[in-house]
Amino acid sequence: MTDLIDPTTEAALAGLREPAPPGLAHRTLVAVGLADDFAVIDSPVGPLRVAWNGRGVSEVAGATDDATFQARFHARTGRVARRVDALPADLARKIERRLAGDRHNRIDLDLRGSTAFEQAVWMKALEIPRGEVRPYGWIAAEIGRPKAVRAVGTALGHNPVPLIVPCHRVVRSDGMIGQYSLGGPENKRTILTEEGADPDELESLARAGVRFFGSDTTHIYCMPTCRDARRVTERHLVHFPSSRAAAAAGYRPCLHCRPAGASAVA
Amino acid sequence: MGMMDERSPADVQLATRLATDLDGSFEDLVLAHQDRLFTIALRTGGDRHDAEELVQDAFVRAYRALGAWPPARIRELRLRGWLTTILLNAGRNRARVKRVPTAELVFDPGAEPAADPLARRDERETWARLLAGLSPAQRTAVVLRHVDGMSYAEIAAAVGRPEGTVKAHVHRGLAALRTALLASEGPPEGLRAEEIPA
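Note that the structure is predicted; figures quoted are calculated from it, not measured.

Draft legend 1. Summary view of the overall build of chain A. Scanning chain A for helices and strands turns up ten helices and ten strands. Relative to the compact-globule value of 18 Å for 266 residues, chain A shows a C-alpha radius of gyration of 25 Å, a clear excess of over 25%. Oriented by its inertia axes, the alpha-carbon framework of chain A measures out at about 100 × 35 × 30 Å. Residues classed as buried in chain A amount to 50% of the 266 residues present. When the accessible surface of chain A is split by element, carbon and sulfur atoms take 53% of a total near 12,700 Å². The average position of the 35 basic charges and that of the 31 acidic charges among the side chains of chain A differ by 8 Å.

Draft legend 2. Representation of the domain arrangement of chain A. When the domains of chain A are assigned, the result is domain 1 (30-99), domain 2 (113-208) and domain 3 (209-266). On a C-alpha basis, the centroid separation for the pair domain 1 of chain A and domain 3 of chain A is 40 Å.

Draft legend 3. Quick look at unusual backbone geometry. Residues and elements named next belong to chain A. In this structure, Leu-163 takes a positive phi of about 75° despite not being glycine. Within the secondary structure layout, Leu-163 lies in the loop between helix 7 (149-157) and strand 6 (170-171). A relative accessible area of 9% places Leu-163 in the buried class. We note that His-219 has phi near 60°; this positive angle belongs to a residue other than glycine. Looking at the element boundaries, His-219 is found in the loop between strand 7 (212-215) and strand 8 (220-222). Owing to a relative accessible area of 34%, His-219 belongs among the partly exposed residues under this scheme.

Draft legend 4. A look at the interface of chain A and chain B. Listed by partner, the interface residues are 26 residues for chain A and 37 residues for chain B. Taking both sides of the interface into account, the surface hidden between chain A and chain B amounts to around 2,900 Å²; carbon and sulfur atoms contribute 62%. Seen at the junction of chain A and chain B, the total is five salt bridges. In this assembly, chain A and chain B are joined by ten residue pairs in polar contact (both at pLDDT 80 or more). The set of elements that each furnish at least two residues to the side of chain A that touches chain B consists of helix 1 (7-14) and helix 2 (24-32) of chain A.

Draft legend 5. Region of the structure containing the sheet that holds strand 3 (residues 56-61) of chain A. All names here are of chain A. Across the sheet, which stays open at both edges, the four strands sit in the order 3-2-1-4 with mixed pairing between neighbours. Looking at the sheet topology across the chains shown, the edges are occupied by strand 3 and strand 4 (81-83). Neighbour-to-neighbour, the strand axes of this sheet turn through a mean angle of 30°, independent of strand direction. As paired elements, strand 2 (residues 48-53) and strand 3 share five bridges and run antiparallel to each other. Note on strand 3: the bridge partner recorded for Val-50 is Val-60. Here helix 2 sits on the sheet and contacts strand 1 (36-41), strand 2 and strand 4; the angle it forms with strand 1, its principal contact strand, is near 85°.

Draft legend 6. A look at the packing of aromatic side chains. Under the definition given, this model contains eight aromatic pairs over all chains. Between B:Phe26 and B:Phe59 the ring centres are 6.4 Å apart and the planes differ by 85°, which places this aromatic pair in the edge-to-face class. Pair noted here: B:Phe26 is in helix 2 (residues 22-44) and B:Phe59 is in helix 3 (residues 48-68), with a separation of 33 residues, a long-range link. Classification of B:Phe26 as buried rests on a relative accessible area of 0%. Judged by relative accessible area, which is 0%, B:Phe59 ranks as buried. Among the aromatic residues, those joined into a ring-pair cluster are A:Phe212, A:Tyr221, A:Phe240 and A:Tyr251. In this arrangement the basic side chain of B:Arg145 is found over the ring face of B:Tyr152, its NZ or CZ atom lying 5.1 Å from the centre.

Draft legend 7. Representation of the sheet that holds strand 10 (residues 252-253) of chain A in the model. Residue and element names in this part refer to chain A. Reading across the sheet, the four strands line up as 9-7-8-10 and stay open at both edges, with mixed pairing between neighbours. Two strands bound the open sheet, and with one partner strand each, they are strand 9 (237-240) and strand 10. In the sheet, strand 7 pairs with strand 8 via three bridges, with the strands oriented antiparallel. Looking across to strand 8, one finds that Phe-213 is bridged to Cys-222.

Draft legend 8. Examining the pairing of strand 7 of chain A more closely. Residues and elements named next belong to chain A. Residues Phe-212 and Gly-214 of strand 7 are buried on one face, and the alternating residues Phe-213 and Ser-215, pointing to the opposite face, are buried as well. Two elements, strand 7 and strand 9, share four bridges in a ladder whose sense is antiparallel. For Gly-214, the partnering residue across the bridge sits in strand 9 and is Val-238. In sequence, strand 7 turns back onto strand 8 through a hairpin of four residues, with His-219 there showing a positive phi of about 60°.

Draft legend 9. Region of interest: the packing of helix 8 (residues 152-159) of chain B against helix 9 (residues 163-185) of chain B. All names here are of chain B. Where helix 8 contacts helix 9, the axes come no closer than 9 Å and their chain directions differ by 105°. Compared by their axis directions, helix 8 and helix 9 come out roughly perpendicular. Residues Tyr-152, Ala-153, Ile-155, Ala-156 and Val-159 of helix 8 form the contact with helix 9, whose participating residues are Glu-163, Val-166, Lys-167, Val-170 and His-171. Residue classes in the contact of helix 8 with helix 9 are distributed as seven nonpolar, one polar and two charged.

The rules behind these values
- Residues numbered from 1 in each chain as written.
- Chains lettered and ligands numbered in written order.
- Predicted model: local features only at pLDDT ≥ 70, side-chain atom pairs only at ≥ 80, totals over all residues.
- Heavy atoms only, no water.
- Helix = DSSP H or I, 4+ residues; strand = E, 2+ residues; numbered from the N terminus.
- Rg over C-alpha atoms; globule rule 2.2 N^0.38 Å.
- Buried < 20%, exposed > 50% of the residue type's maximum accessible area, 1.4 Å probe, protein only.
- Areas by Shrake-Rupley, 256 points an atom, 1.4 Å probe, with all protein chains shown as cover.
- Lys, Arg positive; Asp, Glu negative; His and termini not counted.
- Charge placed at Lys NZ, Arg CZ, Asp CG, Glu CD.
- Domains from an automatic or database assignment.
- Contact = heavy atoms within 4.5 Å.
- Buried area = accessible area lost by both parts, 1.4 Å probe.
- Salt bridge = Lys/Arg side-chain N within 4 Å of Asp/Glu carboxyl O.
- Polar contact = N/O pair within 3.5 Å; in protein donor to acceptor, adjacent residues only side chain to side chain.
- Pairing = 2+ DSSP bridges.
- Axes fitted to C-alpha atoms, helices over the stretch in contact; angles between N-to-C directions.
- Phe/Tyr/Trp six-rings, centres within 6.5 Å; stacked < 30°, edge-to-face > 60°.
- Lys NZ or Arg CZ within 6 Å of the ring centre and 35° of its normal.
- Parallel < 35°, antiparallel > 145°, perpendicular 65-115°, else oblique.
- Nonpolar A, V, L, I, M, F, W, Y, C, P; charged D, E, K, R; others polar.

Encoded structure:
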């Protein structure tokens, strides 16, 4: 099939081919979630590298450099992360609001490669309000795996998006603050303090064997950081070493912090 | 002729890989087709920015479709025509939303290749402008046939029109280009009325 076209026109039209701009392929792969962009944001624990793609935020990492971040990211996800100047404006706003304690603005997360158990643990951690903490055992009980306390700890250590999923609000079952994947325990204390919790006070309560607070007027017992517990005046505050002791004293568990499962397995 | 498989060996192989490992081979699909899709978007549409967005949009639609289809269907895909259809549909949707009258489209002459003399850049600009003056149907047909190099059968399938209609669009489009080129160059030297000897 040939056309009636003179060679000059044919050559001129063929000469209008144009290579795609550099970066188009990468942006396309980011849009479908087969590559990622990352940028640096500020936080109470210093600069953080945040990676994202069209499916959601894929990683948050602390003190490191671009090359190390990229190498680790590639090893974990198999994808290439490219440094860009800034987060997309709407994502930056959402993360800022999330770090300020707003749990109700939705941030899409790309958690491919994780197990259903890990995701259940992380989604449960998202329910812990700013300024409050829960022990590993509480998460285990809440997701219906009361004996999987150690596995909960491991899953939280693998949280790829710390701060956005607030694994820093989950503490050891003995009440001590415990480890933190984003730069160690000091960062965990810094963030909790920033959020209005008092790590030193929590640990001294734990050392004294106190796990729950009760109110002798309502006969309800709570996790010590529960917003309901903090409303109880000194005069009416009762300490309990276990949920069994609280139940034996005729107290029922708070409906907000649901403390019953927290001490199921130490 | 319509039954002939016009797929290039590279596209046949790519379709097979997409059918078995979409995430592992999608980048190769993008790299293999981004230049031609960008060219089609730029030469039928408008400025470079819009063309870039359109190509990205088309690839995202392609990825979603591939993710939802059974492997047997993906293996049989004629990637060149299929991606072209997605691009043209995405462009139509976008034009409808933006309501840009095609006559007002500003055509980008394209980046100048490094070794190109100025004259060549001017020439590309001229041809890009001439293309912009065609009706959308003629412009699309001419770009797919003579800029991208698709066959009439492929174009007919891609735009969903009979082959005869596509041929007519190309022929009329080329004729209109010739007329417009002559008009833009002005009357040829030596043919001005006052210089024609009595």
